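Summary of the model geometry
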Amino acid sequence: QLQLVESGGGLVQPGGSLRLSCAASGFTLDRFTVGWFRQAPGREREGVSCISESDRVTNFADSMRGRFTIGRDKAKSTVYLQMNNLKPEDTAVYYCAAASWSWCAIGGYDWWGQGTQVTVSS
């Protein structure tokens, strides 16, 4: 029902870095579990990572662990996804989603953003 807003996507070269941000309109994300997901062209949506309302982190895919970091910007009440050493296979639309329950899971999120495009290419 309620929408989140992602920002920070764009075009980056392989090996480069990008920082995505997720913000909520009309409410704060401070008390919500928030997950990042992505969908590549012609592929199904997959989970990236999640941070619970108590700031416990769950990483959903081994291919992104060590390169992607999820966290909270307390001052701005946003959740970010720091992406380092980007690869062409990371090209996708990235979505953030929030859940009212207190733990991280691959599904069951209540609110979704519209997505932001990330393109990794030389």
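Residues numbered from 1 in each chain as written. Predicted model: local features only at pLDDT ≥ 70, side-chain atom pairs only at ≥ 80, totals over all residues. Heavy atoms only, no water.

Remarks on unusual backbone geometry
Keep in mind that most residues, glycine aside, have a negative phi and that most peptide bonds are trans. Rule in force here: By the criteria applied, helices consist of DSSP H or I runs no shorter than four residues and strands consist of E runs no shorter than two, each listed in order from the N terminus. Only protein chains enter the accessibility calculation, which uses a 1.4 Å probe. A residue is then buried if its area is under 20% of the maximum for its type, exposed if over 50%, and partly exposed in between.
Residue Asp55 is not a glycine yet carries a positive backbone phi of 70 degrees. By the secondary structure assignment, Asp55 is in the loop between β5 (46-51) and β6 (57-59). By relative accessible area, which is 34% here, Asp55 ends up partly exposed. Of note in the backbone geometry, Asn85 takes a positive phi value of approximately 50 degrees without being a glycine. With respect to the secondary-structure elements, Asn85 resides in the loop between β8 (78-83) and β9 (92-99). Of the residues examined, Asn85 reaches a relative accessible area of 42% and is grouped as partly exposed.

Notes on the packing of aromatic side chains
For clarity, the threshold we go by: Think of it this way: a Phe, Tyr or Trp ring, Trp meaning its six-membered ring, pairs with another when their centres are within 6.5 Å, and the plane angle makes it stacked under 30 degrees, edge-to-face over 60, tilted otherwise. Charge-over-ring placement is defined geometrically: NZ (Lys) or CZ (Arg) within 6 Å of the ring centre, and within 35 degrees of the ring normal.
In total, this model carries nine aromatic pairs according to the counting rule given. Each ring, one from Phe32 and one from Trp111, has its centre 5.2 Å from the other, and the planes form 80 degrees; the classification is edge-to-face. Highlighted residues: Phe32 in the loop between β3 (18-24) and β4 (33-39) and Trp111 in strand β10 (residues 111-113), separated in sequence by 79 residues. Each of the two residues, Phe32 as well as Trp111, counts as buried. An aromatic cluster is present here, built from Phe37, Phe60, Trp101, Trp103, Tyr109 and Trp112 joined pairwise through their rings. Arg19 extends its terminal NZ or CZ atom over the ring of Tyr80, reaching a point 3.7 Å from the ring centre. Between Arg45 and the ring centre of Trp112, over which it is positioned, the NZ or CZ distance is 4.4 Å.

A closer look at the state of the cysteines
Going by this rule: Counting rule for disulfides: a pair of cysteine sulfur atoms within 2.5 Å.
Scanning the entire structure with this criterion turns up two disulfides. The disulfide partner of Cys22 is Cys96, and the gap between their sulfur atoms is 2.1 Å. Taking the sign of the S-S torsion, about 70 degrees here, the bridge from Cys22 to Cys96 comes out right-handed. Separated by 74 residues along the polypeptide, Cys22 in strand β3 and Cys96 in strand β9 bring together distant segments of the chain.

Considerations on the pairing of β3
Quick reminder of the rule: We treat two strands as partners when DSSP finds at least two bridges between them.
Two elements, strand β1 (residues 3-7) and β3, share four bridges in a ladder whose sense is antiparallel. Each residue of the ladder has a partner; that of Glu6, found in β3, is Cys22. Bridge analysis of β3 against β8 gives five bridges, and the strand direction is antiparallel. Bridging from a neighbouring strand, Arg19 pairs with Gln82 of β8.

Some points on the pairing of strand β11 (residues 116-120)
Alternating positions in β11 separate cleanly, Thr116, Val118 and Val120 being buried on one face and Gln117 and Thr119 remaining unburied on the opposite face. Of the strand pairs in this sheet, strand β2 (residues 10-12) and β11 are connected by three bridges, and their pairing is parallel. Residue Gly10 lies in a different strand from β11, and its bridge partner there is Val118. When β9 meets β11, the two strands line up antiparallel, connected through three bridges. Looking across to β11, one finds that Val93 is bridged to Gln117.

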